[in-house]
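# Architecture at a glance
Residues per chain are reported as follows:
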Amino acid sequence: MKGSIFQLTAIALGIFLIIGSGGSGSSSSDDSTEEEVIEPSEPEVPEEPVDLTPGIPSNFRAVSAYEGALLSWKETANANSYELCYAMETITNFNDCADYSGGTSFSVGTATSAAVSALTAGTPYYFQVRATNSEGTTGTASELVIATPGLGLNDTGITVCRGNDSVDLDCTSGLFTNQDADHGLDFTATDDIDGHTGFTFTRLDETGAEIDSSALDWSCAKDQNTGLIWEGKHRNISTETASSDSLHEASDSFTWYNSNAQNNAGTAGEQNSVNDSCYGYDASNVTSYCNTEAFIERVNTAGYCGLNNWRLPNRHELNSIVNYDAVEPAADLSVFQYTTSDVFWSATPVYSASFSGEQAWATNFNYGGSSKVHKTESHSVRLVSDGQ
Amino acid sequence: MKTIIIIALTFGFLSGVAHAQSCSSTIDKSTPDVRFITSNDEVKDLVTNLTWKRCAQGQTWNSDDASCTDASLTFTWSQALSEAYDGWRVPNIKELHSIVEVSCRSPAINEMIFPNTDSDNFWTASPYINNAHTWSVSFTDGNDQGFSKSEGMFVRLVKDAS
């Protein structure tokens, strides 16, 4: 590397790019000398035309935010800038972005993430990104993703104040003011009709249509605070409210399985060819296996509540529906019927000290606490959707 | 021909501070930088619409290098609750969970946003409903656990965005 020029470029995440230019392997390189040794009679090799076609941004993700959304994607080839389009209906042609309901497009420069604000909470938005090259040519747009902006976090459900023991206390008393029950939606929105105190859910039938809160049976629940839609569970026991749809049996259990190497922490988990722990299991049919990925596929195929973008909730999303005001289960049973006092899987792998990727975060709905659980174990699942 | 050598260094190394934080590239980041708008010693979270103190109680904000100096202090639960002032308060368990960075550990937090965070337990304002404990969140790995209210733990304050 003697005689090389080094350029040092620090980029945001603390990665150093050290670009050495010059020598082509020989220890004493001098470009002008090298050029002289080329024989003049040799026919000039025509330069290959440089392909400047912008690539397609991959791994495009939208995450719900407060009256907004966070977007991120992977850098792609020949991208001089990125352009975003969002609308309140599906986008079939990026060029016509402004023609869609609420359609808005804008450039974000070379950034590979963006925050969009001032969107309408509770309404699904569709997002797409594309790259533009240095000549202004636009590339093919990314896949379309959906997020429903929310109104912030759910409150915990806790309505009582405590002192040093487990006895309820006046929230304004002495040394224990400013605790959980003294603040937030459980303090300001105590109506139980749409869920315990600060929780606000709308019940949906099997087609996704909203139904009255007095209905005795429903299929899904839309969280008006977070914008997320949750899978309802059922029991096919004759003494309880029956549903013909055994796919959502509350007592079914699944192993954690995610074959996407981008976000499975290096371990797909357990595909589970042996455990008959869910509806429809057939040892000879991989799609019937009792693992989370196969279950998600089955619920999407069924189009439950009119949706086909069901997924496993991440850890924060699963935590959002815990009702810490109750135990065994720590759930709002008026919305989430038949919730078992069991461990429910999240999609989030655990980054442990001896990191092996073999565990995922789960929430134990006995008391609502987090658990680090081996992916090979069989546990409950409640799917979530970003709406459609 | 150009030779390109890519060397990844931790941000802690760049700033000359010894950090033990490690992160995984195959777990989705839960708290990417784009989520936050910083304003000196405060930061607004665009996902939750909450505003956080970038330093723990006891630490001092250093605007020269955007760091938190001095040691974090420990408080009993009662002492922690009395740290509240002018809208600042101890977060409830869902609020404190919301700033856990699940792709990192020791500490499990975005260190650009919350510098010099101790890999230890922080109090929430949420008491257990069925015993005498209160929920805490460990920023070693983001796990939660109930502890006796007489335990000494760290505190990071939050307030509703104005």
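Cut-off values and rules
Residues numbered from 1 in each chain as written. Chains lettered and ligands numbered in written order. Predicted model: local features only at pLDDT ≥ 70, side-chain atom pairs only at ≥ 80, totals over all residues. Heavy atoms only, no water. pLDDT = per-residue confidence, 0-100. Contact = heavy atoms within 4.5 Å. Domains from an automatic or database assignment. Buried area = accessible area lost by both parts, 1.4 Å probe. Salt bridge = Lys/Arg side-chain N within 4 Å of Asp/Glu carboxyl O. Polar contact = N/O pair within 3.5 Å; in protein donor to acceptor, adjacent residues only side chain to side chain. Helix = DSSP H or I, 4+ residues; strand = E, 2+ residues; numbered from the N terminus. Buried < 20%, exposed > 50% of the residue type's maximum accessible area, 1.4 Å probe, protein only. Core = buried A, V, L, I, M, F, W, Y, C linked by side-chain atoms within 4.5 Å. Phe/Tyr/Trp six-rings, centres within 6.5 Å; stacked < 30°, edge-to-face > 60°. Lys NZ or Arg CZ within 6 Å of the ring centre and 35° of its normal. Disulfide = S-S within 2.5 Å. UniProt positions renumbered as here; feature names shortened; annotations may be inferred. Pairing = 2+ DSSP bridges.

A word on the confidence of the model for chain B. Residues and elements named next belong to chain B. Per-residue confidence for chain B averages 90 on the pLDDT scale, and 88% of its residues sit at or above 70. pLDDT under 50 marks residues 1-17. Its contacts with residues more than four places away, or in other chains, come to 32 contacts. Under the prediction, the complex receives an ipTM of 0.88, its pTM being 0.86.

With that settled, consider the domain arrangement of chain A. Residue and element names in this part refer to chain A. Considered domain by domain, chain A is made up of domain 1 (58-147) and domain 2 (237-387). Taking only C-alpha atoms, the centre of domain 1 and the centre of domain 2 are 30 Å apart. Between domain 1 and domain 2, the contact holds 6 residues from the first and 5 residues from the second. The junction of domain 1 with domain 2 conceals about 380 Å² of combined surface from both sides, 39% of it contributed by carbon and sulfur atoms. Counting across the domain 1 and domain 2 interface gives 0 salt bridges. Seen at the junction of domain 1 and domain 2, the total is 2 residue pairs in polar contact (both at pLDDT 80 or more).

Residues and elements named next belong to chain B. Here Tyr-85 shows up in the loop between helix H2 (77-81) and helix H3 (93-97). Taking relative accessible area as the criterion, Tyr-85 reaches 37% and is therefore assigned partly exposed. Separated by 38 residues in sequence, Tyr-85 and Trp-123 have C-alpha atoms that sit 16 Å apart. Aside from chain neighbours lying at most four places away, what touches Tyr-85 is Lys-53 and Leu-157. Within polar-contact distance, the side chain of Tyr-85 engages the side chain of Lys-53 at 2.7 Å.

All names here are of chain A. Membership of the largest hydrophobic core comes to 25 residues, with the highest contact counts inside it found for Trp-310, Trp-345 and Leu-383. For this core, the secondary structure elements donating two or more residues are helix H3 (292-302), strand E17 (343-349) and strand E18 (359-364). The biggest single contributor to this core is H3, with 3 residues. Once you skip the residues sitting within four places of it in the chain, Trp-310 turns out to touch Cys-220, Ile-229, Trp-230, Glu-231, Ile-296, Val-299, Asn-300, Tyr-304, Cys-305, Leu-383, Val-384 and Ser-385. Of all hydrophobic cores here, the second largest spans 23 residues; its members include Cys-171, Ala-181, Phe-201 and Phe-336.

Throughout the structure, instances matching the rule amount to 18 aromatic pairs over all chains. Relative to Phe139(B), the ring of Phe122(B) lies with its centre 5.2 Å away and its plane at 80°, an arrangement referred to as edge-to-face. Separated by 17 residues along the polypeptide, Phe122(B) in strand E9 (residues 121-127) and Phe139(B) in the loop between strand E10 (133-138) and strand E11 (144-148) bring together distant segments of the chain. A relative accessible area of 1% means that Phe122(B) is categorised as buried. Here the aromatic residues Tyr86(A), Phe106(A), Tyr125(A) and Phe127(A) are joined through ring pairs into a cluster of three or more. Arg315(A) extends its terminal NZ or CZ atom over the ring of Trp361(A), reaching a point 3.7 Å from the ring centre. Across the ring face of Trp88(B), the terminal group of Lys53(B) is positioned such that the distance to the ring centre comes to 4.6 Å.

Okay, the state of the cysteines next. Residue and element names in this part refer to chain A. By the definition in use, this model includes 6 disulfides over all chains. Between Cys-161 and Cys-171 runs a disulfide, and the two sulfur atoms are separated by 2.0 Å. On the S-S bond that ties Cys-161 to Cys-171, the torsion sits near 100°, and the link is right-handed. Taken as a pair, Cys-161 in strand E10 (residues 161-162) and Cys-171 in the loop between strand E11 (168-169) and helix H2 (185-188) lie far apart in primary sequence, 10 residues in all. With a relative accessible area of 1%, Cys-161 lands in the buried category. Paired through a disulfide, Cys-220 and Cys-305 show a sulfur-sulfur distance of 2.0 Å. In this structure, the disulfide formed by Cys-220 and Cys-305 twists by about 100° around the S-S bond and is classed as right-handed.

With that out of the way, let us pick up the UniProt feature "domain: Fibronectin type-III" (unreviewed entry) in chain A. Under the local residue numbering, the UniProt record ascribes the feature "domain: Fibronectin type-III" (unreviewed entry) to residues 53-152 of chain A. The span residues 53-152 of chain A is 0% helix and 41% strand, and its two end C-alpha atoms sit 40 Å from each other.

Here we take up the pattern of salt bridges. Across all of its chains, the model carries 10 salt bridges over all chains by this definition. Note that Lys233(A) is salt-bridged to Glu231(A), the shortest N-O span being 3.0 Å. Judged by its relative accessible area of 5%, Lys233(A) is buried. In this structure, Arg35(B) and Asp45(B) form a salt bridge, with 2.8 Å as the shortest nitrogen-oxygen distance. In this pair, Arg35(B) sits in the loop between strand E2 (22-23) and strand E3 (36-39) while Asp45(B) sits in strand E4 (residues 42-45), placing the two residues 10 residues apart along the sequence. By relative accessible area, which is 5% here, Arg35(B) ends up buried. Given the relative accessible area of 0%, Asp45(B) is considered buried. By sharing partners, the salt bridges in this structure join Arg311(A), Glu317(A) and Asp386(A) into a single network.

Here the focus is the sheet that holds strand E16 (residues 310-311) of chain A. Residues and elements named next belong to chain A. One open sheet accounts for 6 strands, arranged E13-E12-E14-E15-E20-E16; its pairing is antiparallel. The open sheet terminates on both sides in strands that have one partner only, identified here as strand E13 (210-211) and E16. As judged from the 2 bridges shared by E16 and strand E20 (residues 384-385), these two strands associate in the antiparallel manner. Paired with Arg-311 across the bridge in E20 is Val-384.

Residue and element names in this part refer to chain A. The element E17 is extensively covered by neighbouring structure, given that 6 of its 7 residues are classed as buried. In this structure, E17 lies alongside E18, joined through 4 bridges in antiparallel fashion. Bridge assignment links Pro-349 to a residue of E18, and that residue is Ala-360.

Because an α-helix completes one turn every 3.6 residues, residues spaced three or four positions apart along the sequence face the same direction. Residue and element names in this part refer to chain A. Among the residues of H3, Thr-292, Ala-294, Phe-295, Ile-296, Arg-298, Val-299 and Asn-300 are the ones counted as buried. Buried-residue contacts for H3 involve strand E15 (229-231), E16 and E17. The opening residue of H3, the one whose side-chain oxygen lies 3.0 Å from the backbone nitrogen of Glu-293, is Asn-291. At the C-terminal side of H3, Gly-303 shows a positive phi close to 65°.

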